[in-house]
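# Observations on the three-dimensional arrangement
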Amino acid sequence: MKLTSRFVFRPSYNGDRTGMLMMGTDYSTIEMVYENDAVTLRRVLCLKADKGSEEEVCASIPLAGKDVYTVWLRVEVLKGAVCRFSYSLDSKKFKVLGDDFEMKAGKWIGAKVGFFATAKIQKNDGGSVDIY
C-alpha cells in the first residue's frame, strides 16, 4: 500500500504542525513544523506511545519558502508492516526521510494511517493546511 498526499501549509505561529502518521501502540510521522520563522520537514518517532512515551525527532531538513509550503508526503507499507516515509517538492522525485518504521497494531482496531494539524496556541487566526 502506498498513500501520497499534497500538503499546502500556511503556518502562522511557532508550533504550527501538520503531517501524515502511522499509528498503533507506537507511531511515526512525516511532518512540517513552523518554528522561529522557518519550516522544517521532519520524521518523528514515538515508541510505546500507549504508555505515554515522549516523541523523538529522528530526521529533519529545512524547507525553503516563505508563507506557503507545498510538499508531497508519502507513506509506503512494505512486507512485514514496515513503513517507509518519503517526500517530494515536485510530485515526481521522492526522497526517503529517516529510517523505516515497523508498525505495531493498536489495542482496539489495529494500525491506522492519518493526517493531523496542530497548534501550540489557541487563536482563531491561526495557520492552515490544505491536504489533497
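Report follows, based on the coordinates.

Scoring rules and cut-offs
Residues numbered from 1 in each chain as written. Predicted model: local features only at pLDDT ≥ 70, side-chain atom pairs only at ≥ 80, totals over all residues. Heavy atoms only, no water. Helix = DSSP H or I, 4+ residues; strand = E, 2+ residues; numbered from the N terminus. Rg over C-alpha atoms; globule rule 2.2 N^0.38 Å. Buried < 20%, exposed > 50% of the residue type's maximum accessible area, 1.4 Å probe, protein only. Areas by Shrake-Rupley, 256 points an atom, 1.4 Å probe, with all protein chains shown as cover. Pairing = 2+ DSSP bridges. Lys, Arg positive; Asp, Glu negative; His and termini not counted. Salt bridge = Lys/Arg side-chain N within 4 Å of Asp/Glu carboxyl O. Contact = heavy atoms within 4.5 Å. Core = buried A, V, L, I, M, F, W, Y, C linked by side-chain atoms within 4.5 Å. Polar contact = N/O pair within 3.5 Å; in protein donor to acceptor, adjacent residues only side chain to side chain.

### Looking at the overall build of the chain
Counting its regular elements, the chain contains zero helices and 11 strands. Secondary structure of the chain in N-to-C order comes out as β-β-β-β-β-β-β-β-β-β-β. What you see for the chain is a C-alpha radius of gyration of 14 Å, in line with the 14 Å of a compact globule of 132 residues. Overall size of the chain, expressed as C-alpha extent along the three principal axes, is 40 × 35 × 25 Å. Out of the 132 residues belonging to the chain, those deemed buried represent 38%. Carbon and sulfur atoms make up 50% of the accessible area of the chain, which totals about 7800 Å².

### Here's the deal with the pairing of strand β6 (residues 69-78)
Across eight bridges, the pairing between strand β1 (residues 2-10) and β6 is antiparallel. Residue pairing in the sheet places Phe 7 in a bridge with Val 71 of β6. Examined bridge by bridge, β6 and strand β7 (residues 82-88) share seven bridges and lie antiparallel to one another. Following the sheet pairing, Arg 74 is matched in β7 by Ser 86. Linking β6 to β7, which pair antiparallel, is a turn of three residues; within it Gly 80 sits at a positive phi near 80 degrees.

### Some words on the side chain of Asp 16
Looking at the element boundaries, Asp 16 is found in the loop between β1 and β2 (17-23). The buried charged residue Asp 16 lacks any salt bridge, with Lys 120 as its nearest oppositely charged partner at 9.5 Å. With residues near it in sequence (within four places) discarded, Asp 16 still touches Phe 9, Pro 11, Met 32, Val 33, Tyr 34, Thr 118, Ala 119 and Gly 127.

### A short note on the environment of Lys 104
With respect to the secondary-structure elements, Lys 104 resides in the loop between β9 (101-102) and β10 (112-118). Setting aside residues up to four positions removed in sequence, Lys 104 forms contacts with Gly 24, Thr 25, Asp 26 and Ala 111.

### Quick notes on the nonpolar core
Counting 22 residues, the largest nonpolar core has Ile 30, Met 32, Leu 41 and Leu 73 as its most contacted members. Mapped by element, the contributors of at least two residues to this core are β1, β2, β3 (27-35), β4 (38-46), β5 (56-63), β6 and β7. With four residues, the single largest contributor to this core is β6. When sequence neighbours within four positions are dropped, the list of residues in contact with Leu 73 reads Leu 3, Thr 4, Ser 5, Phe 7, Gly 19, Met 20, Ile 30, Leu 41, Ser 86 and Tyr 87.

### Here we look at the side chain of Ser 28
With respect to the helices, strands and loops of the structure, Ser 28 is situated in strand β3. Owing to a relative accessible area of 0%, Ser 28 belongs among the buried residues under this scheme. At 2.7 Å, the side chain of Ser 28 forms a polar contact with the side chain of Arg 43. With near-sequence residues (within four places) excluded, Ser 28 lies in contact with Met 20, Leu 21, Met 22, Arg 43, Val 44, Leu 45, Phe 85 and Phe 101.

### Quick notes on the environment of Thr 18
Among the structural elements, Thr 18 can be located in strand β2. The exposure class of Thr 18 is buried, given its relative accessible area of 0%. In the structure, Thr 18 is positioned 111 residues away from Val 129 in sequence and 7.4 Å away in space, judged by C-alpha atoms. Ignoring anything within four residues of it in the chain, the contact list for Thr 18 reads Phe 7, Phe 9, Glu 31, Met 32, Phe 116, Ala 117 and Val 129. Separated by 2.8 Å, the side chain of Thr 18 and the backbone oxygen of Phe 116 make a polar contact.

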